[in-house]
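# What the coordinates show
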Amino acid sequence: MTLSSTVESKLRGREPSSAPADAAGKVLGVEPRDDRGKKRFSNVVHWAYGTSWGSVRGLLAAGGLRPPAATVAHFAAIWGSAWTMLPGLGVAPPIWKTPPTEVAIDGLHHTVYVLATSAAYVALDGSGR
């Protein structure tokens, strides 16, 4: 996801999204003092978010879901929570107020993350689940 969003933001000439870090800052009461601190906090949030959601993929397999179903459930959980949590915290607009192109691009980035996480899980697990 990092690779796809970095390439996409450079191609489109936009700044990286600060919404996840802004949301985490609100929840945790963290306010970085400067741009360097904001970038560092954003990076920590990004990796913590990805790692924690990666563990959910393992839990889906432990619950008995086969890889295709686990991948779909993982995507639904991640994307659904993002489109609920970020607007709920006031750091992003709701999905119905977001341009369709932006929704599609966000869906693409989350799809990349879910497919890569699922492939890594299956490769490391070795049981085919």
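These lines cover the structure that appears in this document, whether it is placed above or below.

Cut-offs and rules
- Residues numbered from 1 in each chain as written.
- Predicted model: local features only at pLDDT ≥ 70, side-chain atom pairs only at ≥ 80, totals over all residues.
- Heavy atoms only, no water.
- Helix = DSSP H or I, 4+ residues; strand = E, 2+ residues; numbered from the N terminus.
- Rg over C-alpha atoms; globule rule 2.2 N^0.38 Å.
- Contact = heavy atoms within 4.5 Å.
- Areas by Shrake-Rupley, 256 points an atom, 1.4 Å probe, with all protein chains shown as cover.
- Lys, Arg positive; Asp, Glu negative; His and termini not counted.
- Charge placed at Lys NZ, Arg CZ, Asp CG, Glu CD.
- Axes fitted to C-alpha atoms, helices over the stretch in contact; angles between N-to-C directions.
- Parallel < 35°, antiparallel > 145°, perpendicular 65-115°, else oblique.
- Nonpolar A, V, L, I, M, F, W, Y, C, P; charged D, E, K, R; others polar.
- Buried < 20%, exposed > 50% of the residue type's maximum accessible area, 1.4 Å probe, protein only.
- Salt bridge = Lys/Arg side-chain N within 4 Å of Asp/Glu carboxyl O.
- Polar contact = N/O pair within 3.5 Å; in protein donor to acceptor, adjacent residues only side chain to side chain.
- Expected span 1.5 Å × (residues − 1).
- Phe/Tyr/Trp six-rings, centres within 6.5 Å; stacked < 30°, edge-to-face > 60°.

Looking only at helices and strands, the chain features 5 helices and 0 strands. Radius of gyration (C-alpha) of the chain: 16 Å, near the 14 Å computed for a compact globule of 129 residues. C-alpha atoms of the chain, sized along the principal axes, occupy 45 × 30 × 30 Å. The contacts of the chain with a sequence gap of at least 6 include a subset with a gap of at least 24, amounting to 69%. A total of about 8200 Å² of accessible surface is found on the chain, and carbon and sulfur atoms cover 66% of it. Taken as two groups, the 13 positive and 9 negative side-chain charges of the chain have centres that lie 4 Å from each other.

Another point: the packing of helix α2 (residues 19–28) against helix α3 (residues 35–62). Two numbers describe how α2 lies on α3: the axes approach to 9 Å, and their chain directions differ by 90°. The orientation of α2 with respect to α3, classified from their angle, is roughly perpendicular. On α3, the residues touching Pro20, Ala21, Asp22, Ala24 and Gly25 of α2 are Lys38, Phe41, Ser42 and Val45. Residues of the contact of α2 with α3, tallied by class, amount to 5 nonpolar, 2 polar and 2 charged.

Along the chain, the position of Arg57 falls in helix α3. Buried and without a salt bridge, Arg57 has Asp125 as its closest oppositely charged side chain, separated by 7.3 Å. Within the structure, the side chain of Arg57 is placed 3.3 Å from the side chain of Ser118, a separation counted as a polar contact.

In this model, helix α4 (residues 67–88) (22 residues) spans 31 Å end to end at C-alpha, consistent with the 32 Å of a helix rising 1.5 Å per residue. Every buried residue of α4 is listed here: Pro67, Ala70, Thr71, His74, Ile78, Trp79, Ala82, Trp83 and Leu86. Looking one or two places after α4, you find Gly90, whose phi comes out positive at around 75°.

Turning to the packing of aromatic side chains, a few remarks are in order. Counting across every chain of the model gives 3 aromatic pairs. Summarising the aromatic geometry, the rings of Tyr49 and Trp53 are spaced 6.4 Å apart at their centres and angled 70° between planes, so their arrangement reads as edge-to-face. Pair noted here: Tyr49 and Trp53 are both in helix α3, with a separation of 4 residues, about one helical turn. For Tyr49, a relative accessible area of 26% puts it in the partly exposed group. Overall, Trp53 belongs to the buried group, its relative accessible area being 17%. An aromatic cluster is built from Phe75, Trp79 and Trp83, whose rings are joined through pairwise contacts.

Nothing here speaks to function; it is all geometry.
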